[in-house]
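# Structural description and commentary
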Amino acid sequence: DSNLYQTTEDPKKKKTFVLDMFPYPSGEGLHVGHPKGYIASDVYSRHMRMRGNDVLHPMGWDAFGLPAENFALKNKIHPRIAVEKNIKRFKEQLSILGFDYDWKREINTTDPKYYKWTQWIFLQLFKKGLAYQSDEPINWCPSCMTGLANEDLEGNSCERCGTLVEKKKLPQWVLRITDYADRLIEDLKTLNWAEHIKELQRNWIGRSEGHSLQLALKVPGQGEKHKVEIFTTRLDTLAGATFVVVSPELADRWINIGWKASEEVKKYVVAALKQRDKEHVRTTALSASVAPAPLEKEKTGVKTDITAKNPLTGEDIPVFVSDYVLGNVGTGAIMAVPAHDDRDFEFAKKYKLPIKYVVAPYFIDETENSKSRPGVEIKHRTIGVGIVKHWAEDKYLMLDWKNGWTGFITGGVDKGEDLADSIRREIKEETGYTNVRLLEHLGGPNISDFYAPHKKLNQRVLGYGMYLELIDATRVGVPKEELEKHSMLWVDKDRVLAFLKKGSPMGDSRYSEMYWERLTTENYIYSGDGLLINSGEFNGLSSSEGQEAIAKKVKAKKATNYKLRDWVFSRQRYWGEPIPIIHCVKCGAVPVPEKDLPVLLPEVESYEPSGTGESPLVKITDWVNVKCPECGGSGKRETNTMPQWAGSSWYYLRYMDPGCETSPVSKKKEKYWSPVDVYVGGIDHATRHLIYARFWHKFLYDIGTVSTVEPFARLNTVGFILAEDGRKMSKRVGNVINPDDMVEEYGSDAFRIYEMFMGPFENTIAWNTKGVVGARRFIERICKFSDKIVPETIPSLEPALHQTIKKVGEDIQAFKFNTAISQLMICLNEMETIGSVGKEQWKNYLALLAPFAPHVSEELWGGAGGNSSIHTSEWPSYEESKFEKETYVIAVQVNGKSRGTITLIKGASEVEAKDLAEADPAIAKWLVKGVKKVVYIPGKVLNFVIQS
C-alpha cells in the first residue's frame, strides 16, 4: 500500500538492476526448489537499496510456448485462460515469501502490448537480412507436432518429450545467429561470469580454426567430376588419412541428387537416420564433425563404392558411411586419421583399415642438445627406440651393456634424419647390420628422463618407437670401442614382453606401458602435436610448420568452423507470437507495416496441432487471407509462430520502460538502467537462452536501440534443490514439497533463511525440513532477545557487531548467503553471552537481518523505535578499529590472596570475569570448597570468598 518497493530513478544515485530469469507459469505451481534464486535476488536487491542505490527488481511471465500450450491441451482449456489462472497462482505463492518486486513493471510475453515489440525486432532482423526462409529439412517432433532447432534436441530426440525426431521438409524462418558467433565468443571476456559458464557457451558455439580442402571422388559411372569438402583442425596429419567417412545425412543428400548407392548403403542410411544415439553434439580436436560416442559403443558403418584421393599421398582411399560422423556439424564428412584420433582408430580396427602414424612426439631444447652434440644443430630432439626382429627367426635384438643396463637400440635424431634413419644408423654403428627395413611406427611415450651412459648425456627427451626387421645377416665391422661397451642378445618374444612389462627401454615405466600396449593390443593413439614422420618431403617439420607447408602444397584454405547453426525460428503451433510476414505470389515475403503491429493472435476454439505439419492457424482463413501491403494483391499471413525463446530474448529491456509506446525501450531509460547488473537463474539456461538473448542484444546495439554491447554484466547460477530422498522433485514420484506448507508451519522468514543457509548458493543440495526448524528457532531467539535492549552501547559487543557488519555486507555482494547467516548467528551468540544489547547496536543488527528476514526485522524495527521502514533505512557501516577488542589484566584473589590473573575485554561484566577465572585450572583448584561470595571491582580485581 505504501509503494515501498516502487522503483525510483534519481540520476544522482547509483543504479542496480537485479533480474531473475522469469518463469513460465506452469499449472503445477512452485515447489521449494523454485524460490531459491528469487530469494537470493531479493536479498541482494534489498541490500543495495539500503546502500542508497536506485534498485530495479521486477518480475514477469514467459507465458508463450509449448509448456503452456501442452498444459492447456491436457486440461482442455484455452491457453490464455490457463496462463491467467497459473499466473494468479504463482503471484499468490510469491507474495507470501515477501519479495520486493515492483509489480507496476510486471510484464507478460502474451500481452499484445509486449509482443508488438517482439514482432518489431523480428522485422528489423528481416530488413537486415538476418531472418530468412529455408526449405531445408527440419527436426520434426511427431509428438509435439512442431519443428525444433538443433539446440532443442538431446541427441536425435526432442528434449521436452524424448520422442525420436524425424527429418521433414517445411518452409521455416531462420535467424542468422552464426553471423554473430565470433562476437558471442570474444565478448565473453568482458563479463563477470563464472569461467565454467563461459566455457559452456564457447563449447556450444564450437568455434574451431583449421583448413578446408576438397578431396576428389571417384564415383562408378561418373568419373572424377565430384568432390567432397573436408574441414580439419589437423592438416598436419593428412598423410595419415587412410579413409574418408561421411555422415548418413550427407550420404542421404548424395542419394537424393543421383548417387546410385548400393542397397546395403541405402538401408544403412535409413536406419542410421532413425536410430542416432541420444548424445549432445560436440567436436573433437582432430575432426570437428565427429560425434562424441563413447569408445565402449561399437562403431557401425558401411563401405561405399566411392573412393577419394588423398591429395598429399595421391592414394585412393575408401569412403565409408558411418553414424559417428554428424551431418549438422562441420561439413558432414571427415578425413579419418586412425593413428591420431580415437574414434577413427576404433573404426579402422573394426574394419581392418590401414593405421599410419605420421606425427611423433618431440621435445625442443636447442641449448642443451647443442651442448650434448657440439657442432650439430638440433631443432627437434627426439629419441627413437627400435625393436629389431631377426631376419629368419622369431628373435629380437637387444644390447647388453657392460654397466648392467639392458635395452633396445636407441638413437637421437640428427638434422635431416627421419626417426627410422636414426635407428638404422645406430644399428649399423653398434651392431654392424646394414640391411634394415621399417615394419611399423609403434607410437610415442610421454616425457622421460633419459640417461645414456655411453654418451654421458643427461637430458629430457621424447621417445618414439619403431618395429624394424633385419632383412639378412649382412654386417660390416663394428668399432672396437662399441664392442667393449656392450654385447648383442637375441631373445624371444616372451622375454621382450617380460622386459617391457617389468622394466623399460629407457628406465621409465611410462615407456614400457606404451610399448606393452602397442605390442600386445595395438591400441596406441597419439593425438598431440609433434614431429612429422611418414609424410614424405614434410618429414621433420613440427605440426604447426607442417600445417602451413601442407596447406600450400594441397591448396587448402584457412577456415573457421562452428558447431552453432542458424536458429530455426518457426513453430507449427498456435500459442506463440505471430510472425509479422505476409506472403504474396507477386512480391514474395513482405513485412507487415510497423504501423499495423501487433499482429494479434486470433482467438480460436480449436488450437490443436493440425497433424499435417502446418500450424493450426492455417485453418483460420479470415485471419490468413489479407491484402499484400506492397502491391495490394492477394496475400496470406505467415501461419508459423515464434518459439518461446523469442519473448525471453529481450524481456529485461521492457522492465526498464514497460509503458513505452514508441520503441521496445526509450533511449533515456535504457541508458540509465543498462546493463543488468546481476542476473540470477539456473545453469540449465547457460547456453540457449543466454546465447539467444546476447545475440538479440548485440543486434539491437548494432541498430542503435541499446547502448551496451552485452545485456548481463554479472551472472549468478543457482543450484537445484532435490527432494529429501535425493531425487529430483516430481509429482509422479510423489516427493514434491510445497513452499506454501512450509510457510504455513514455520513462517516465510524461516523458509527464506533456510534456503539461503542450506549450502553454497550454486550447489545442488537435498531438502531437509529439519533445517527449516533450525531457521525458525534462530528467528525465535532473535525475537526473544528483543526485550534485552538497553539505551547505552555495550562496548564488549562492538568487535563482534562490526565484524558482522563487514562480513554480512561482503558475503551478500559475493552471493555467499550461507556464511552471512552463519555470521549473524555468531553475533547473536555473542549478544546472548553478554546478556544485553545497546539500542543502536540492536537496530544495526536488525538492518543486517532485514534482507534475509524482511517481516520479522520490520516488526522488531518498529518496536526498537525505528522510523519508517527498515527496508529504506541506511545499511550500517563498520569501523575496522573496533575489530580488535581492548583488553586488560586483573588479579584474581581467593580469600584475599592472589591466585592468578585473567585477561578481560574492556567493559566485561562480572559474569564474564567469574566464568573466565573458574575456567582457569590454576585458579579453579582453590575453589573446590565452594564459593560463598564474589567481589568484583571492574578493571582492578576479582575476589572469591570461599568456605574457611
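A short tour of the structure in this document, coming up.

What counts and what doesn't
- Residues numbered from 1 in each chain as written.
- Predicted model: local features only at pLDDT ≥ 70, side-chain atom pairs only at ≥ 80, totals over all residues.
- Heavy atoms only, no water.
- Helix = DSSP H or I, 4+ residues; strand = E, 2+ residues; numbered from the N terminus.
- Buried < 20%, exposed > 50% of the residue type's maximum accessible area, 1.4 Å probe, protein only.
- Contact = heavy atoms within 4.5 Å.
- Pairing = 2+ DSSP bridges.
- Axes fitted to C-alpha atoms, helices over the stretch in contact; angles between N-to-C directions.
- Parallel < 35°, antiparallel > 145°, perpendicular 65-115°, else oblique.
- Left-handed = near helix turned anticlockwise from the far one by under 90°.
- Polar contact = N/O pair within 3.5 Å; in protein donor to acceptor, adjacent residues only side chain to side chain.
- Expected span 1.5 Å × (residues − 1).
- Arc of directions from axis to C-beta.
- Patch = residues over 30% accessible without salt bridge, like charges linked within 9 Å, V, L, I, M, F, W, Y side chains within 5 Å.
- Areas by Shrake-Rupley, 256 points an atom, 1.4 Å probe, with all protein chains shown as cover.
- Salt bridge = Lys/Arg side-chain N within 4 Å of Asp/Glu carboxyl O.
- Lys, Arg positive; Asp, Glu negative; His and termini not counted.
- Charge placed at Lys NZ, Arg CZ, Asp CG, Glu CD.
- Nonpolar A, V, L, I, M, F, W, Y, C, P; charged D, E, K, R; others polar.

### Comments concerning the overall build of the chain
If you tally the helices and strands in the chain, you get 28 helices and 43 strands. Looking at the chain residue by residue over its 948 residues, the buried ones come to 54%. A separation of at least 24 residues holds for 73% of the contacts in the chain among residues at least 6 apart in sequence.

### Topic: the sheet that holds strand β2 (residues 54–56)
Strand order in the open sheet made by the 4 strands is β2-β1-β34-β35, with parallel pairing throughout. Every other strand in the sheet has two partners, leaving β2 and β35 (715–718) as the edge strands with one partner each. Taking each pair of neighbouring strands and ignoring which way they run, the sheet shows an average axis angle of 20°. Bridging between strand β1 (residues 15–20) and strand β34 (residues 678–682) involves 3 bridges; their strand directions are parallel. Looking at β34, one finds that Leu19 is bridged to Tyr679.

### Re the sheet that holds strand β30 (residues 581–584)
Spatial strand order, β31-β30-β33-β32: 4 strands in an open sheet with antiparallel pairing. Pairing within the sheet leaves two strands with one partner each, and these edge strands are β31 (588–591) and β32 (625–627). Between one strand axis and the next, the sheet turns by 40° as a mean value, whatever way the strands run. Where β32 and strand β33 (residues 634–637) come together, 3 bridges link them in antiparallel fashion. Looking across to β33, one finds that Asn625 is bridged to Lys636.

### Observations regarding the packing of helix α24 (residues 817–834) against helix α25 (residues 839–849)
Running from N to C, α24 and α25 point in directions that differ by 155°, and their axes come no closer than 11 Å. The pairing of α24 with α25 is recorded here as roughly antiparallel in orientation. Classified by chirality, the crossing of α25 by α24 is left-handed. Listed contacts from α25 to Leu824, Cys827, Leu828 and Met831 of α24 are Trp842, Tyr845, Leu848 and Leu849.

### What to know about the side chain of Thr237
Considering the arrangement of structural elements, one finds Thr237 in the loop between β13 (223–232) and β14 (243–246). Side-chain polar atoms of Thr237 contact the backbone oxygen of Arg234, separated by 2.7 Å. Those residues in contact with Thr237 that lie beyond four places of it in its chain are Met335, Val337, His340, Val358 and Val359.

### Focus: helix α8 (residues 263–274)
The end-to-end C-alpha distance of α8, which contains 12 residues, comes to 17 Å, matching closely the 16 Å that a straight helix rising 1.5 Å per residue would cover. Among all positions of α8, only Val265, Tyr268, Val269 and Ala272 are buried. Here the buried residues of α8 occupy an arc of 100° about the axis, which is enough to place them on one side. Away from its buried face by more than 90 degrees, α8 exposes Glu263, Lys267 and Lys274.

### Focus on a negative patch on the surface
A cluster of like negative charges, contributed by Glu393, Asp394, Asp492 and Asp494, occupies part of the molecular surface. Along the chain, the position of Asp494 falls in helix α13 (residues 493–502).

### Comments concerning the environment of Tyr845
Locating Tyr845 in the fold gives a position in helix α25. Distance from Tyr845 to Ser857, taken between C-alpha atoms, is 9.3 Å for residues 12 residues apart in sequence. The contacts of Tyr845, once residues within four sequence positions are left out, are Phe778, Ile782, Leu801, Leu824, Cys827, Leu828 and Met831.

### Considering the packing of helix α1 (residues 35–50) against helix α21 (residues 748–757)
Between α1 and α21, the shortest axis-to-axis distance is 10 Å and the interhelical angle comes to 100°. In terms of their interaxial angle, α1 and α21 are classed as roughly perpendicular. Together, Pro35, Lys36, Ile39, Ala40, Asp42, Val43 and Arg46 of α1 and Phe751, Arg752, Glu755 and Met756 of α21 make up the contact between the two elements. Its residues assigned to classes, the contact of α1 with α21 shows 6 nonpolar, no polar and 5 charged.

These results come straight from atomic positions and should not be treated as a statement about function.
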